[in-house]
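# Examining the three-dimensional arrangement
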Amino acid sequence: MQVEKLQLTPVRSSAINNINQTAEVEGKSFGDFFKESLNEVNDLQLKSRDASINLAAGKVNDISQVVIAGEKAGVALQLTMQIRNKVVEAYQEVMRMQV
C-alpha cells in the first residue's frame, strides 16, 4: 500500500491581494468577517445540540444526520480555534518586533 504525499502550495501574494480587494469591495473588515464566521460556527453548534436532543428524545430515526451535524460543528470549532491561535501568534510576533 502506497501512501501519497500531499504537496501544499504556498499562498502567493497575488492571492492575498485578491482577498484584500474582495474585502474592500464588500466593505467588510477582518473583524466583521470574523464575527460572521463565529456566528456560523455558533449556529452549527446549536444545530448539533438540537439534533442530539432530538435523538435522545426519539424524534430522529437517522442517526447519521446527528453524527454529521456533530462532526460539522466539531470541524468548524477546530478551524476557528486554529485561526484564533494564528492571529494570536501573529500579534505576539508583531509585539516582539523592535521599532
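## Section: the pattern of salt bridges
- As enumerated under the stated definition, the model contains three salt bridges in all.
- Ionic pairing is found between Glu36 and Lys28, a salt bridge with its closest N-O pair at 3.1 Å.
- As a salt-bridge pair, Asp50 and Arg49 come within 3.4 Å of each other at their nearest N and O atoms.
- By relative accessible area, Arg49 is classed as partly exposed at 47%.

## A closer look at the packing of helix α2 (residues 30-56) against helix α3 (residues 63-96)
- Two numbers describe how α2 lies on α3: the axes approach to 9 Å, and their chain directions differ by 150°. Judged by the inter-axis angle, α2 sits roughly antiparallel to α3. The chirality of how α2 crosses α3 is left-handed. Where α2 approaches α3, its residues Phe30, Phe34, Leu38, Val41, Leu44, Gln45, Ser48, Ala51, Ser52 and Leu55 are matched on the opposing element by Ile63, Val66, Ala69, Gly70, Lys72, Ala73, Gly74, Ala76, Leu77, Thr80, Ile83 and Val87.
- Per-class residue counts for the contact of α2 with α3 are 15 nonpolar, six polar and one charged.

## Comments concerning a nonpolar patch on the surface
- Together, Phe30, Phe33, Leu79, Ile83 and Val87 line one region of the surface with nonpolar side chains, adding up to about 480 Å² of accessible area.
- Considering every element that reaches the nonpolar patch, the biggest residue donor is α3, with three residues.
- Of note, Ile83 is situated in helix α3.

## What about the side chain of Thr80?
- Looking at the secondary structure, you find Thr80 in helix α3.
- In this structure Thr80 touches Leu38 and Val41, once residues within four positions along its chain are discounted.

## Considerations on the side chain of Ser48
- Within the element layout of this structure, Ser48 appears in helix α2.
- Ser48 gets classed as buried once you look at its relative accessible area, which sits at 13%.
- If we ignore the near neighbours within four places in the chain, the residues touching Ser48 are Ala69, Gly70 and Ala73.

## Quick look at α3
- In a regular helix each residue adds 1.5 Å, so 34 residues correspond to 50 Å; α3 covers 50 Å between its end C-alpha atoms and thus fits that length.
- Looking only at α3, the buried set comprises Val66, Ala69, Ala73, Ala76 and Thr80.
- Looking at the buried residues of α3, the elements they touch are α2.

## Overview of the packing of aromatic side chains
- What the rule picks out here adds up to one aromatic pair.
- When the ring of Phe30 is compared with that of Phe34, the centres are 5.8 Å apart and the planes differ by 20°; the resulting orientation is stacked. In this pair, Phe30 and Phe34 are both assigned in helix α2, four residues apart and thus about one turn of the helix distant.

Basis of the calculations
- Residues numbered from 1 in each chain as written.
- Predicted model: local features only at pLDDT ≥ 70, side-chain atom pairs only at ≥ 80, totals over all residues.
- Heavy atoms only, no water.
- Salt bridge = Lys/Arg side-chain N within 4 Å of Asp/Glu carboxyl O.
- Buried < 20%, exposed > 50% of the residue type's maximum accessible area, 1.4 Å probe, protein only.
- Axes fitted to C-alpha atoms, helices over the stretch in contact; angles between N-to-C directions.
- Helix = DSSP H or I, 4+ residues; strand = E, 2+ residues; numbered from the N terminus.
- Parallel < 35°, antiparallel > 145°, perpendicular 65-115°, else oblique.
- Left-handed = near helix turned anticlockwise from the far one by under 90°.
- Contact = heavy atoms within 4.5 Å.
- Nonpolar A, V, L, I, M, F, W, Y, C, P; charged D, E, K, R; others polar.
- Patch = residues over 30% accessible without salt bridge, like charges linked within 9 Å, V, L, I, M, F, W, Y side chains within 5 Å.
- Areas by Shrake-Rupley, 256 points an atom, 1.4 Å probe, with all protein chains shown as cover.
- Expected span 1.5 Å × (residues − 1).
- Phe/Tyr/Trp six-rings, centres within 6.5 Å; stacked < 30°, edge-to-face > 60°.

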